[in-house]
Amino acid sequence: MPEVLENQTVRQVARISVGGNTVRVVLSNAFGAKPLTIGAGSVGISGKDGDVDQATLKPLTWGGKSSVVVPPGAPILSDPVALPAEALSEISVSIFLPKKTALSSVHWDGVQTAYISGPGNFTNDATFKADSTLKSRLFLSDIWVDAAPESQAIVFFGDSITDGNCSTPDANNRWPDLVAKRLQETGRKIAVVNEAFSGNRVLTDGMGVNALARFDSDILSHPKVSSVVVMIGINDIGWPGENAITPDDKEPTAEDIITGYKQLIDRAHAHGIRIVGATLTPFADTFKGLPTEGYYTPEKEKIRVAVNEWIRAGGGFDGVIDFDKVMEDPAKPGYLRDDYDCGDNLHPNDAGYKAMADAVDLDVLLGSAK
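Asker: Which parts of the structure should I look at to understand the overall build of the chain?
Answerer: Helix and strand content of the chain: nine helices and 23 strands. In summary, the chain has a C-alpha radius of gyration of 21 Å against a globular reference of 21 Å for 370 residues, a match within 12%. Structurally, the chain occupies a C-alpha span of about 55 × 45 × 35 Å along its principal axes. Here the chain, with 370 residues, has 55% of them falling under the buried criterion. In the chain, 78% of the contacts between residues at least 6 apart in sequence involve partners at least 24 apart. Total accessible area computed for the chain in this model is approximately 15,300 Å², and 52% of it derives from carbon and sulfur atoms.

Set out below in structure tokens:
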């Protein structure tokens, strides 16, 4: 990833869940130390290889203006754009960065191609000639849709497994994507919001902000949230220790992680939000043979087992999705099934993500939401 872009256009694609006739785009300068200048922007229905359906291509405005400056630490919400979009449509968002712009507010594991131009503003071009591509999201935070008034939203809050690491890029095979498809097929007016990022931990910063710190901004900031699904904690267990990713970090106990869960539960309930816990999937021999193979040890497995026992039987969550049982090799307890393993003994492949999505009981996921 380049450190900066200047006088360049970035075009990114994201799939929405529910449909509507109007969209708004949220850009974020959350981690920027300086103001972010957006020289122009556009939105439309995505085509192939960075192209956009010309008939749907519309300019973005902010307070009626075609450019905007986003203060450090802030998001910016575009004006509404008339853009009829069916459920599960792929939306293309383009932004022009006229000034030297540090790539500070980035979702690095986007599993989706971002197209970067050579010099110039190409936001209004249906066909996009890319000088380079990335698999990260740059500044693009949300796409809002004017869904039906009775619609609700469910937030998936997690780490790389919910982020879709190892899934096929540009294929929308993250397990929340596949749950979104199931919801639409069953006629439920439920928007799926993926607020996961690779490397996230409950208690400690690292590859991003810890879950306790980002709960308000990543869950409570979304409109009409009725439920949140929490699948996070394996990095708290795996990162610390000799030959692991953060060898100087203190290894948490199962009780430490459970206390973090209780905080998330209390904060969700204080806002009238239902919260569902998902068990941590098997990770035996994760990164075996690599310098970070200390991510897994038998002692760490005991912590995972204890955490999962509390998720299942502790009574704190409003519902439970037992992904551990879905993904475990029945012949090798503690190991990810070979046919679901992308190759590192931790992350699922496309088949594994599909198995996870298929195992979700929508009634447990949503409670009384219809």
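Asker: What is the right way to read the pairing of strand β17 (residues 152-158) from this model?
Answerer: Looking along a regular strand, one sees the side chains alternate between the two faces of the sheet. For β17, the tally of buried residues reaches six of seven residues, placing the bulk of the element in the interior. Pairing between β17 and strand β18 (residues 190-196): seven bridges, direction parallel. Note on β18: the bridge partner recorded for alanine 153 is alanine 191. Taken together, the six bridges between β17 and strand β19 (residues 225-231) define a ladder with parallel strand orientation. The partner of alanine 153 across the bridge, within β19, is valine 225.

Asker: Please clarify how the layout of surface pockets should be interpreted in this entry.
Answerer: Leftover empty space is mapped by rolling, across the atoms, a probe with the size of a water molecule. Volume-wise, the second largest pocket comes out at about 220 Å³. Taken together, 13 residues form the lining of the second largest pocket, with Lys34, Pro35, Lys100, Thr101 and Ala102 sitting closest to its centre. Of all the secondary-structure elements, those providing two or more residues to the lining of the second largest pocket are β4 (36-38) and β11 (101-102). Classifying every residue of the lining of the second largest pocket by side-chain character gives five nonpolar, five polar and three charged.

Asker: Looking at this model, I keep getting lost on the pairing of β19. Mind explaining?
Answerer: Counted residue by residue, β19 has seven buried out of seven residues, so it is predominantly covered. Here β19 runs beside strand β20 (residues 274-278); their pairing, made up of four bridges, is parallel. Its bridge partner being in β20, valine 230 is matched across the sheet by glycine 277.

Asker: Is there a simple way to think about the packing of helix α5 (residues 254-270) against helix α6 (residues 298-313) in this case?
Answerer: Two packed helices can be described by the angle between their axes and the distance between those axes. Contact geometry of α5 with α6 gives a least axis separation of 9 Å together with a crossing angle of 35 degrees. Note on packing geometry: the crossing formed by α5 with α6 is right-handed. Every residue of α6 that contacts α5 at Ala254, Ile257, Ile258, Tyr261, Lys262 and Ile265 is listed here: Ile303, Ala306, Val307, Trp310 and Ile311. Per-class residue counts for the contact of α5 with α6 are 10 nonpolar, no polar and one charged.

Asker: Is there a simple way to think about the sheet that holds β19 in this case?
Answerer: In sheet architecture, strand pairing relies on hydrogen bonds along the backbone and comes in two forms, parallel and antiparallel. Strand order in this open sheet of five strands is β18-β17-β19-β20-β21, and the pairing throughout is parallel. The open sheet is flanked by β18 and β21 (319-321), the only strands paired with a single partner. Shown here is a sheet whose adjacent strand axes are inclined to one another by a mean of 20 degrees, direction ignored. Each of β17, β18 and β19 is contacted by helix α3 (residues 211-220), which is oriented at about 160 degrees to β17, the strand it contacts most.

Asker: Is there a simple way to explain the pattern of salt bridges in this structure?
Answerer: Side-chain pairs of opposite charge can arise where the charged atoms are in close proximity. Taken as a whole, this structure holds 12 salt bridges when the rule is applied. Linking aspartate 324 and arginine 304 is a salt bridge whose minimum nitrogen-to-oxygen distance equals 3.0 Å. One end of the pair, aspartate 324, is in helix α7 (residues 323-327); the other, arginine 304, is in helix α6, with 20 residues separating them in the sequence. With respect to burial, aspartate 324 and arginine 304 carry one shared label: buried. Connected via shared salt-bridge partners are Glu301, Arg304, Arg312, Asp322 and Asp324.

Asker: Mind showing me how you'd approach the state of the cysteines here?
Answerer: Cysteine pairs can be linked by a disulfide, which is a covalent bond between their two sulfur atoms. By the definition in use, this model includes one disulfide. Here cysteine 166 engages in a disulfide with cysteine 342; their sulfurs sit 2.3 Å apart. Around the S-S axis, the bridge from cysteine 166 to cysteine 342 shows a dihedral of about 50 degrees and counts as right-handed. Here the residue cysteine 166 occupies a position in the loop between α1 (160-163) and α2 (175-185), and cysteine 342 occupies one in the loop between β23 (332-336) and α8 (350-359), the gap between them amounting to 176 residues. Residue cysteine 166 is classed as partly exposed on the basis of its relative accessible area of 38%. Cysteine 342 gets classed as partly exposed once you look at its relative accessible area, which sits at 27%.

The rules behind these values
- Residues numbered from 1 in each chain as written.
- Predicted model: local features only at pLDDT ≥ 70, side-chain atom pairs only at ≥ 80, totals over all residues.
- Heavy atoms only, no water.
- Helix = DSSP H or I, 4+ residues; strand = E, 2+ residues; numbered from the N terminus.
- Rg over C-alpha atoms; globule rule 2.2 N^0.38 Å.
- Buried < 20%, exposed > 50% of the residue type's maximum accessible area, 1.4 Å probe, protein only.
- Contact = heavy atoms within 4.5 Å.
- Areas by Shrake-Rupley, 256 points an atom, 1.4 Å probe, with all protein chains shown as cover.
- Pairing = 2+ DSSP bridges.
- 1 Å grid on protein atoms, 1.4 Å probe; cavity = no way out; pocket = protein on both sides within 12 Å on 5 of 7 lines; lining within 4 Å.
- Points joined across faces, edges and corners; volume = space filled by probe spheres on them.
- Nonpolar A, V, L, I, M, F, W, Y, C, P; charged D, E, K, R; others polar.
- Axes fitted to C-alpha atoms, helices over the stretch in contact; angles between N-to-C directions.
- Left-handed = near helix turned anticlockwise from the far one by under 90°.
- Salt bridge = Lys/Arg side-chain N within 4 Å of Asp/Glu carboxyl O.
- Disulfide = S-S within 2.5 Å.

Geometric values such as these leave the question of function open.
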